[in-house]
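So the chains spell out like this:
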Amino acid sequence: MRLLAAAGIAFLLAACRPANSGGQIPSPLRVTVHDVLTQPGLVGKTVVVSGRCLGYSVPTVAAGSPPITRSDWQLEDGGEAVWVTGPLPEGCSATAGAATRTELTAAVAQDTLPALGGQEPRPRQYLVARR
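Position numbers for residues start from 1 in each chain and track the written sequence from start to end. The predicted nature of this model means local features are confined to residues of pLDDT at least 70 and side-chain atom pairs, given and counted, to a pLDDT of 80 or more, with totals for whole chains, interfaces and linings taken over all residues. Side-chain metrics in this entry use all non-hydrogen atoms of the structure; hydrogen atoms and water are not considered.

### Considering the pairing of strand 4 (residues 80-85)
Condition: The classification of residues rests on relative accessible area computed with a 1.4 Å probe and restricted to protein chains. Under 20% of the type maximum is buried, over 50% is exposed, and intermediate values are partly exposed. Under the DSSP-based scheme used, a helix requires at least four consecutive residues in state H or I and a strand at least two consecutive residues in state E, with every element numbered from the N terminus. One requirement defines pairing of two strands: DSSP has to find at least two bridges between them.
Across the 6 residues of strand 4, 5 count as buried, placing the element largely inside the fold. In the sheet, strand 3 (residues 73-77) pairs with strand 4 via 5 bridges, with the strands oriented antiparallel. Counted as the bridge partner of Trp73 is Val84 from strand 4. Taking the residues between adjacent antiparallel strands as the criterion, strand 3 and strand 4 are bridged by 2 residues, where Gly78 takes a positive phi near 60 degrees. Pairing of strand 4 with strand 6 (residues 122-129) involves 2 bridges; the strand directions are parallel. Within strand 6, the residue paired with Val84 across the bridge is Leu127.

Now the structure itself:
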């Protein structure tokens, strides 16, 4: 009977252990600015995305106003831009942006743009950069 109970406990412990017991943390997904803007399934995920920092004092390319603070900045790639909340990357200034591309690790977040000009409110993805 004790052998049967011990086998049952061993089975339960094995069944309840975490699926990823190797201790490996999955790598962040590599995505484009377009992916961030168009794939709501990325919300809540950590991603690596590259583009050119536009700063926050240039004309707005990204949708809506800055999502969190007035210091949020834009990351542009292929004529599209996403808002980024977090520190400016090296080589980027608030007033002039950057001349070269940067790679950023960030979490994808979502808010809702208000209804303006007869349009319906709509969800918008943005990035929260790691500090």
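### Digging into the confidence of the model for the protein chain
Using the following cut-off: Per residue, pLDDT captures the predictor's confidence, and it can take any value from 0 to 100. Contacts are assigned to residue pairs that have any heavy atoms within 4.5 Å of one another.
In the predicted model, the protein chain carries a mean pLDDT of 84, and the fraction of residues at 70 or more is 82%. Mean pLDDT across the elements of the protein chain bottoms out in helix 1 (residues 2-16) (41) and peaks in helix 2 (residues 33-38) (98). Within the model, pLDDT remains below 50 along residues 1-17, and this stretch shows 0 contacts once partners closer than five positions in the same chain are excluded.

### So, the pattern of salt bridges
Going by this rule: Put simply, a salt bridge is a Lys or Arg side-chain nitrogen that is within 4 Å of an Asp or Glu carboxyl oxygen.
Throughout the structure, instances matching the rule amount to 3 salt bridges. For the salt bridge of Asp77 with Arg101, the shortest nitrogen-to-oxygen distance reads 2.9 Å. With Asp77 in strand 3 and Arg101 in strand 5 (residues 101-113), this pair connects stretches of sequence that are 24 residues apart. Of the residues examined, Asp77 reaches a relative accessible area of 22% and is grouped as partly exposed. Across the pair Asp111 and Arg124 runs a salt bridge whose closest N-O atoms are separated by 2.7 Å. Remark: Arg124 occurs in strand 6 and Asp111 occurs in strand 5; sequence separation between them is 13 residues.

### Observations concerning the nonpolar core
The criterion, for reference: For the purposes of this section, nonpolar cores are sets of buried Ala, Val, Leu, Ile, Met, Phe, Trp, Tyr and Cys residues that join through side-chain atoms within 4.5 Å.
Val49, Leu75, Val84, Leu104 and Leu127 are the most contacted members of the largest nonpolar core, which has 18 residues in total. Those elements that provide at least two residues to this core are helix 2, strand 2 (46-55), strand 3, strand 4, strand 5 and strand 6. Counting 6 residues, the second largest nonpolar core, distinct from the first, contains Leu54, Trp83, Ala109 and Tyr126.

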